[in-house]
Amino acid sequence: MRNSKEKIVLSYQEQIDHFKSRGVIFGPEFDEKRAKEYLKSHNVFFRLKAYCFDFEDLESDTCGRLNFSDLVDLARIDDRLRKLIMYLAIDIEHFSKVQLLGLITKKCTGRDAYEIVGDYESWSVYNQRIKGRSLKKINDIVGPNSHGTYVKELYEKYRIGNNGKNEYRFPVQALLDIMSFGTYVNFYEFCVTELIDNLSEKWTEILYLLRKIKDARNGAVHDNCFINDLKVKNADYEPDRHMVEILAQEGVPKPIRKRSLQNEKVLQMITCLYSYRELVVSSSKNYYKFLDRPYTHVPLDLQIEMKFFSDQLEIFIKNPPNNLKSIVEQTLKLIKKLVDSWYLS
């Protein structure tokens, strides 16, 4: 007898039957035959199924009057959103590193660059200990990447000892080049809370942003869904005061501000969109001024991508699934409003 908790592999027809049992409609745009071909070529059954959650009718335990074509539209919007988040996160990481190195150069002139990394390791080990985590030193964290094509020579340059172990001693500039984004955010925290005193609140505010961006980038890299589970109030902390103020300045009503920032996925999306404007666009102003070249606000290729994304959202918002007023529609309206204001105005 099959265990009721088992998850069996469904055939493509059984996947179609599952959607039908959940109330999903197969209409002219996507009849059952075309839907089956779509599932075969894309293998997105669990992704499309995940989008149903925010349309569920608790009384009937179905997805309301959702069309299969609506799920496909959401998958396409989600795909473009993931690519945009990757674009934004890569530039944000680069420009924040430039800013942090500038701060270290200004505030730590004359200090031993190796000593700074040693102090970071001590601070990191101490924090791991008080949080009850397994202790990892610098070599444990960055050592596994030593054979990577793009950093191998850098590792060889800073290898120490002849005992056959892969042990390294990095100066701060080299460490920034090889550490993962997650480790970088941890190092950033060390710099703005321990290494350098009397910094403005701006630096700790950026730390908050980087933590959210790291999680969003990880989700995008691993091809996770962004436009699902939007009903859930699962943000790790109370909404950041600054983010609340930013949405208020954009004319977002208080109930929508509160609801949006209580959902971790929406909070991360908004944070990425805002942080690029603040960290990358603002830094670019100084860069173009230095080169004595005209400043064009947002890179043209990003403007084109954002315009395409905004148009996608516009079509979905104007034609919501069977006129269902859903949390998905409300969230996409908010994202479009911010995209239009911050990137296309």
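Relevant structure appears above.
Residues numbered from 1 in each chain as written. Predicted model: local features only at pLDDT ≥ 70, side-chain atom pairs only at ≥ 80, totals over all residues. Heavy atoms only, no water.

### Some words on the nonpolar core
Judged by nonpolar contacts, the single largest core of 106 residues is most densely connected at Phe19, Leu48, Phe68, Phe170, Phe187 and Ile227. It is helix α4 (residues 68-107) that provides the largest number of residues to this core, a total of 16 residues. Residues within four places of Phe68 in sequence aside, it is in contact with Phe19, Val24, Ile25, Phe26, Phe30, Ala35, Tyr38, Leu39 and Leu48. (Core = buried A, V, L, I, M, F, W, Y, C linked by side-chain atoms within 4.5 Å. Buried < 20%, exposed > 50% of the residue type's maximum accessible area, 1.4 Å probe, protein only. Helix = DSSP H or I, 4+ residues; strand = E, 2+ residues; numbered from the N terminus. Contact = heavy atoms within 4.5 Å.)

### Overview of the side chain of Asn263
Position of Asn263 relative to the elements: it lies in the loop between α12 (254-261) and α13 (264-291). Note on Asn263: relative accessible area 2%, which makes it buried. A polar side-chain atom of Asn263 sits 2.8 Å from the main-chain carbonyl oxygen of Asp229. Within polar-contact distance, the side chain of Asn263 engages the backbone nitrogen of Lys265 at 3.1 Å. If sequence neighbours within four positions are ignored, Asn263 has contacts with Asp229, Leu230, Lys231, Val232, Asn234 and Ala235. (Polar contact = N/O pair within 3.5 Å; in protein donor to acceptor, adjacent residues only side chain to side chain.)

### Some thoughts on the pattern of salt bridges
Evaluation of the coordinates by the stated rule reveals 25 salt bridges. Linking Lys318 and Glu314 is a salt bridge whose minimum nitrogen-to-oxygen distance equals 3.2 Å. Taken as a pair, Lys318 and Glu314 lie in helix α14 (residues 300-318) at a separation of four residues, close to a single helical turn. Classification of Lys318 by relative accessible area gives exposed; the value is 60%. Residues Glu329 and Lys333 are paired through a salt bridge, measuring 3.5 Å at the closest nitrogen-oxygen approach. Of this pair, Glu329 and Lys333 both sit in helix α15 (residues 327-343), four residues apart, which is roughly one turn of that helix. (Salt bridge = Lys/Arg side-chain N within 4 Å of Asp/Glu carboxyl O.)

### Thoughts on the side chain of Ser69
Along the chain, the position of Ser69 falls in helix α4. Those residues in contact with Ser69 that lie beyond four places of it in its chain are Glu29 and Phe30.

### Some points on helix α11 (residues 241-249)
The complete set of buried residues in α11 reads Met243, Ile246 and Leu247. Projection of α11 onto a plane perpendicular to its axis shows the buried side chains occupying an angular sector of 95°, all on one side. Projecting away from the buried face of α11 at angles above 90 degrees are the exposed residues Arg241 and Gln249. Positive phi appears at Gly251, one or two residues downstream of α11, with a value of about 80°. (Arc of directions from axis to C-beta.)

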